[in-house]
Amino acid sequence: MQTELHPNVRKFLAQRLGNTINEQVATQTEKVINPSDGSILAEVAMGRAREIDIAISAAERAFPAWASLSPENRARLLHRFAEELEKHSAELAQLESLDVGKPVGAAEGFDIPFGIECFRYFADLSRQVDYSIPLHVKAFEARTWRVPYGVCGFIFPWNFPFTLLCWGIAPALAAGNTVVVKPSEITPLTTLYAAQIAAEAGLPPGVFNVVVGKGNEAGVALSSSTRIKRMSFTGSPEVGRAVGEQSGRNLIPCKLELGGKGAAVVFDDVDVDTVATQLAGAITLNTGQVCCTATRWMIQDAIYDRFVNKVTETLKGTKVGPGLNRETQMGPLVSEAQRKRVLGYLERGRREGAGTILNGGTVSPDGAGNGFYVSPALLEGRDDNVCCREEIFGPCAYLLRFRDEEAAIATINGIPYGLANSVWSSDLSRANRVAERLAAGNNWINAHNLFAYGLPYGGINLSGMGGGVNSPETFYDYLRSQTIARPLS
Ligand code: NAD
């Protein structure tokens, strides 16, 4: 059943979209494509260095007043923003589904409400923390005074545009910074819609600025600006490295949330059907375009065949289709380029000798026009295969057999990514022991893709650096410390 488009969504898409700074200076536009059928969703102005500069100026002008609001007053405004976002959550969910291709029910159930909750979490936290912390140092009256940085820059990818926007800017705004956001040029819709709602909710002009633009233009301009006081980037390791280098040159702190190649290690004491069903869900979630999801499945010998049978049956039964179709369980990939990337990886993997459990390939579900669909794929074989070592970002997993715990740990730690893994066992002391030894920012037990506010989330090595998101530490990351001291004699 196709979801009826909300009248506000129709009205929004018919506008000339672009940046949210007062002057619509960018003239060059790009089409935003609906991955579910290949049609044109909207035309969006592409900002460049000039628009980034204007947005930073707006954010600089807004900073002193925003920073000097009491935490209570700032929190009140952020709660009002969250309320307004909630009132518009149906529209936001439809826009996210149209733009990314994800099932609208997933956007309604997770992306939008969980994103909105982030503003509430950090707004509440900002009211509880101490901004002036006494230092007990002999012969001094001294304290640490925590202040916001100023204008913070944010660059986001296309897979969870709204949720990642909230994870990024909510702590920065709650701490008293102003922000300039560059969303992915291919999925800018919910970010622009949220900025419109921010204005309606009474967030002062210049506090939350958006410039849509290409990475090599607006992205480079934002990350290299010497007027940005703190940088946050979510995306691929290659671009993350470039953004990190720029921040290094500008001597500003930088948060990098990058790609992953998560492992799931499944011991033979689990309920095989349950784990197989959950791991099938891990690669169909957002059509596998999830940085932290499990894509290397290490299955203990004794249950390997049973696991493969169950997971194959589950994946074959997954309903692939357009995001707005309520029966869809897995939507398309975000773009034709992404489809080429995924199919290219599968071909390379097979050329390097991987065995095929489930083929994966282009599919054309009913009513899907020229959408960018692929079906799920499962490969198996040696652990040096390209599909076992590199992030594919599609509905694919690579299966490996293992006999003992030590070998499994060594294989998992043998690649440079370090974002998220999971350990599956009914022996919780073993699960904890293994989880402690896996080199990653997050190691979950008997579940994968676990998120909650207060549960820190971040990566190490090729998967990122700089403190991560979603925890009280994230909030402190957006405050810098000043030491204030006076000799007592
Ligand atoms: P990407 O790195 O290609 O692009 C991310 C953003 O950077 C986009 O807005 C893009 O326009 C911009 N950009 C591109 N080149 C730039 C440059 N030279 N300077 C500044 N900005 C530039 O990533 P993507 O393809 O949009 O997203 C997929 C990647 O994101 C995957 O690797 C995925 O794992 C990662 N990701 C990580 C997390 C996390 O929390 N760790 C979350 C989501 C996605």
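Just above sits the structure.
Residues numbered from 1 in each chain as written. Predicted model: local features only at pLDDT ≥ 70, side-chain atom pairs only at ≥ 80, totals over all residues. Heavy atoms only, no water.

Q: Before we move on, could you go through the sheet that holds strand 7 (residues 208-210) and cite the residues and values that matter?
A: Pairing in this open sheet of six strands is mixed, and the strands run 7-6-5-8-9-17 from one edge to the other. Sheet topology places strand 7 and strand 17 (464-465) at the edges, where each strand pairs with a single neighbour. Where strand 6 (residues 178-182) meets strand 7, three bridges bridge the pair, whose relative direction is parallel. Paired with Val181 across the two strands is Val210, which belongs to strand 7. (Pairing = 2+ DSSP bridges. Helix = DSSP H or I, 4+ residues; strand = E, 2+ residues; numbered from the N terminus.)

Q: Give a description of the pattern of salt bridges that names residues and reports values.
A: Scanning the model with the defined rule gives 25 salt bridges in all. Of the charged contacts, one joins Asp53 and Arg227 as a salt bridge, the two residues approaching to 2.9 Å between their closest N and O atoms. Of the two residues, Asp53 sits in helix 2 (residues 49-68) while Arg227 sits in the loop between helix 8 (215-224) and strand 8 (230-234), which places them 174 residues apart along the sequence. Two residues, Arg430 and Asp269, come together in a salt bridge whose shortest N-O distance is 3.0 Å. (Salt bridge = Lys/Arg side-chain N within 4 Å of Asp/Glu carboxyl O.)

Q: Pulling in residues and values, what's your account of the packing of helix 3 (residues 71-87) against helix 6 (residues 161-174)?
A: Between helix 3 and helix 6, the least distance of the axes is 11 Å, while the angle of their chain directions is 165 degrees. Between helix 3 and helix 6, the angle is such that the two are roughly antiparallel. In the crossing of helix 3 with helix 6, the sense of the turn from one axis to the other is right-handed. In this structure, helix 3 uses Arg74, Leu78 and Leu85 to contact helix 6, whose residues at the interface are Phe162, Leu173 and Ala174. In terms of residue class, the contact of helix 3 with helix 6 is made up of five nonpolar, no polar and one charged. (Axes fitted to C-alpha atoms, helices over the stretch in contact; angles between N-to-C directions. Parallel < 35°, antiparallel > 145°, perpendicular 65-115°, else oblique. Left-handed = near helix turned anticlockwise from the far one by under 90°. Contact = heavy atoms within 4.5 Å. Nonpolar A, V, L, I, M, F, W, Y, C, P; charged D, E, K, R; others polar.)

Q: So what's going on with the packing of aromatic side chains? Which residues, and what values?
A: Counted according to the given criterion, the structure contains 19 aromatic pairs. Taken together, the ring pairs connect Phe110, Phe114, Tyr121, Phe122, Phe160, Trp167, Trp444, Phe451, Tyr453 and Tyr457 into an aromatic cluster. Its end group placed over the ring of Tyr149, Arg230 keeps NZ or CZ at 5.2 Å from the ring centre. (Phe/Tyr/Trp six-rings, centres within 6.5 Å; stacked < 30°, edge-to-face > 60°. Lys NZ or Arg CZ within 6 Å of the ring centre and 35° of its normal.)

Q: Account for the site of the ligand, naming residues and giving values.
A: Around the ligand, the structure places 28 residues, and the nearest of them are Phe156, Glu185, Ser236, Leu258 and Glu391. Contact between the ligand and Gly215: an oxygen atom at 3.3 Å from a main-chain N or O atom of the residue. Here Leu258 contributes a backbone N or O atom positioned 2.7 Å from a nitrogen atom of the ligand. Coverage of the ligand by the protein amounts to 86% of the 850 Å² it exposes when considered alone. Looking at the shell around the ligand residue by residue, the classes come out as 15 nonpolar, nine polar and four charged. (Near = heavy atom within 4 Å. Polar contact = N/O pair within 3.5 Å; in protein donor to acceptor, adjacent residues only side chain to side chain. Areas by Shrake-Rupley, 256 points an atom, 1.4 Å probe, with all protein chains shown as cover.)

Q: Lay out the pairing of strand 14 (residues 396-402) in plain terms, naming residues and giving numbers.
A: Within strand 14, six of the seven residues are buried, leaving the element largely enclosed by the surrounding structure. Pairing analysis gives five bridges linking strand 11 (residues 294-300) to strand 14, with the strands arranged parallel. Considered in strand 14, the bridge of Arg296 is made with Tyr398. Here four bridges tie strand 13 (residues 377-380) to strand 14, and the two strands are oriented parallel to one another. Among the inter-strand pairings, Ala377 is bridged to a residue of strand 14, identified as Cys396. (Buried < 20%, exposed > 50% of the residue type's maximum accessible area, 1.4 Å probe, protein only.)

Q: Give me the lowdown on the sheet that holds strand 4 (residues 140-148), citing residues and values where you can.
A: Taken together, three strands build an open sheet; the order of strands is 3-4-18 and the sheet is antiparallel. At either end of the open sheet lies a strand with only one pairing partner, and these are strand 3 (132-135) and strand 18 (479-487). Put simply, the sheet's adjacent strands are angled 25 degrees from each other on average, direction ignored. Sheet analysis places strand 4 next to strand 18, joined by nine bridges and oriented antiparallel. Counted as the bridge partner of Arg143 is Ile484 from strand 18.

Q: Let's hear about helix 3: which residues, and what values?
A: An ideal rise of 1.5 Å per residue puts 24 Å on 17 residues; helix 3 measures up with 24 Å between its terminal C-alpha atoms. Here helix 3 has its buried residues at Pro71, Arg74, Ala75, Leu77, Leu78, His79, Phe81, Ala82, Glu84 and Leu85. On the buried face of helix 3, the contacting elements are helix 2, helix 4 (89-100), helix 5 (104-128), helix 6, helix 7 (189-200) and strand 7. (Expected span 1.5 Å × (residues − 1).)

Q: Run through the side chain of Thr295, naming residues and quoting values.
A: If you trace the backbone, Thr295 turns up in strand 11. The residues contacting Thr295, other than those within four sequence positions of it, are Lys261, Gly262, Ile283, Cys396, Ala397 and Tyr398.

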